[in-house]
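# Results of the structural survey
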Amino acid sequence: MSWLHGAPQLDRVLSRFVDEHGQVDYAALLADGSAQSCARELETFNLGTLDAREERLAFWINAYNCLVIAGVLDELKTNAHYRGVMGDGWFGLLRFFYLKRYRVGGRPFSLTTIENRILRGELREPRVHFALVCASNSCPPLKRGLYAAERIDAELDMAAGQFIRSADGVRVERETHTVWLSQIFQWYRGDFERAADSLLGYIERYLPVDDQAYLARHRPQVRLRYFRYNWQLNGKRMGEITPRR
């Protein structure tokens, strides 16, 4: 079975090594080797088989998340104390997302190219921000399974709703008329505003009914503030990792 038709090995990786909070057991994954195998399978995937928009969305979201995991494992092979992309400051982030290249369909891609040129650029889908996981604790939780082309709209809506209603996504502070947001909404504000009348208008559709009613009454008074992003690695049992030389 190909990546296009389910990538069953990656589906098993996600269901086995990701917990209900989206935390990844990188120590067990490093010993298992299956995540690296999934990434290698991408090298020879025929990108020409991706026809429908739904197929492209599901494929590139799954590929991005797979490659992020593979990238973390590469770091852990030589640095048992690796704690995330910002461990080396902004250069670590630049190296991980912009400079490192992976082969997909025989072509080199950075993680930033997949996110910005394909998912945000060509496919123009703001909900990918709730599905792409950059291996950090402030990211949306990693899904314990694959995104499927035939269910992609429903699954992206579910991911959006879960994140926006979570403590890390959005908090409506009524006593101060403040809406606290993940910095994802600050960095990609334009994506959300293109899909709605405003950033609040986009968020509002996924909020609980009582928060929607509050915003409808007090929107002119509301100010936006942003949580500080936690770049620490979304991993568990990290002390068990032994670097490979």
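Residue numbers restart at each chain and count upward from 1, following the sequence in its written direction. The predicted nature of this model means local features are confined to residues of pLDDT at least 70 and side-chain atom pairs, given and counted, to a pLDDT of 80 or more, with totals for whole chains, interfaces and linings taken over all residues. As a convention, hydrogens and water are excluded, and side-chain values are obtained from all of the structure's heavy atoms.

### Side note on the overall build of the chain
Note the cut-off: The helix and strand labels rest on DSSP assignments: H or I over at least four residues marks a helix, E over at least two residues marks a strand, and numbering proceeds from the N terminus. Only protein chains enter the accessibility calculation, which uses a 1.4 Å probe. A residue is then buried if its area is under 20% of the maximum for its type, exposed if over 50%, and partly exposed in between. Note on contacts: a residue pair qualifies if any of its non-hydrogen atoms lie within 4.5 Å across the two residues. Every accessible area reported is derived by Shrake-Rupley at a probe size of 1.4 Å, with residue values counting cover from the shown protein chains alone.
Of the regular secondary structure elements, the chain holds eleven helices and five strands. Its C-alpha atoms give the chain principal-axis dimensions of roughly 60 × 40 × 30 Å. Looking at the 245 residues of the chain, the share that counts as buried comes to 52%. Residue pairs at least 24 apart in sequence account for 69% of intrachain contacts in the chain once pairs closer than 6 positions are excluded. By element, 48% of the accessible surface of the chain is carried by carbon and sulfur atoms, the whole surface being about 11,800 Å².

### Some points on the confidence of the model for the chain
Here is the rule: By definition, pLDDT measures how confident the predictor is in each residue, and it falls between 0 and 100.
Summing up the model confidence of the chain, the mean pLDDT is 92 and the portion of residues at 70 or higher is 94%. Low pLDDT (under 50) marks residues 240–245, which in the prediction has 16 contacts with non-local residues, meaning those over four places away or in another chain.

### What to know about empty space enclosed by the protein
Using a probe with the size of a water molecule, rolled over the atoms, empty space left in the structure can be pinpointed. Filter applied, for reference: A pocket, in this scheme, is an open set of points on a 1 Å grid over the protein atoms alone with protein on both sides within 12 Å along at least 5 of 7 lines, while a cavity is a set where a 1.4 Å probe fits but cannot get out; residues line either one if an atom lies within 4 Å of a point. Grid points are joined across faces, edges and corners, and a volume is the space filled by probe spheres set on the points. Under the convention adopted here, Pro, Cys and the residues Ala, Val, Leu, Ile, Met, Phe, Trp and Tyr are nonpolar, Asp, Glu, Lys and Arg are charged, and Gly plus all remaining residues are polar.
For the structure shown, the criterion picks out three cavities of 30 Å³ or more. Each pocket or cavity is described by its volume, and for the largest cavity that value is around 60 Å³. Taken together, the elements giving at least two residues each to the lining of the largest cavity come down to α1 (8–17) and α4 (53–78). Of the residues in the lining of the largest cavity, the class split is five nonpolar, three polar and one charged.

### What about the packing of aromatic side chains?
Note the cut-off: Between rings of Phe, Tyr and Trp, where Trp is taken as its six-membered ring, a pair exists when centres lie within 6.5 Å; planes separated by under 30 degrees are stacked, by over 60 edge-to-face, and by other angles tilted.
Enumeration over the complete set of coordinates arrives at 15 aromatic pairs. Summarising the aromatic geometry, the rings of F59 and W60 are spaced 5.0 Å apart at their centres and angled 85° between planes, so their arrangement reads as edge-to-face. Comparing F59 with W60 shows no difference in burial state: the two are buried. For the ring pair Y229 and W231, a centre distance of 4.8 Å and an interplane angle of 55° mean the geometry is tilted. The class for Y229 is buried, based on a relative accessible area of 9%.

### Side note on unusual backbone geometry
Phi at R124 is positive, roughly 50°, even though this residue is not glycine. Judged by its relative accessible area of 52%, R124 falls in the exposed class. Not every positive phi belongs to a glycine, and H177 is a case in point at roughly 55°. By secondary structure assignment, the location of H177 is in the loop between β3 (170–173) and β4 (178–181).

### Thoughts on the nonpolar core
A general tendency of soluble globular proteins is for nonpolar side chains to be buried together. Here is the rule: By nonpolar core is meant a set of buried Ala, Val, Leu, Ile, Met, Phe, Trp, Tyr and Cys residues that side-chain atoms within 4.5 Å join together.
Counting residues in each nonpolar core, the largest one holds 83 residues, and the members touching the most others are W60 and F185. Ranked by residues supplied to this core, first place goes to α4 with 15 residues.

### Observations concerning the sheet that holds β3
Two modes of strand pairing occur in sheets, parallel and antiparallel, and in both the strands are linked by backbone hydrogen bonds. Just so we agree on the cut-off: Strand pairing follows a simple DSSP-based rule, namely that at least 2 bridges must link the two strands. To get an axis, fit a line to the C-alpha atoms, keeping to the stretch in contact for a helix; angles then go from 0 to 180 degrees between the N-to-C directions.
The three strands are arranged β3-β4-β5 in an open sheet whose pairing can be described as mixed. At either margin of the open sheet sits one strand with a lone partner, and together these are β3 and β5 (223–226). The mean inter-strand angle of the sheet, taken between neighbouring strand axes irrespective of direction, is 20°. Pairing geometry for β4 and β5, over four bridges, is parallel. Looking across to β5, one finds that W180 is bridged to R225.

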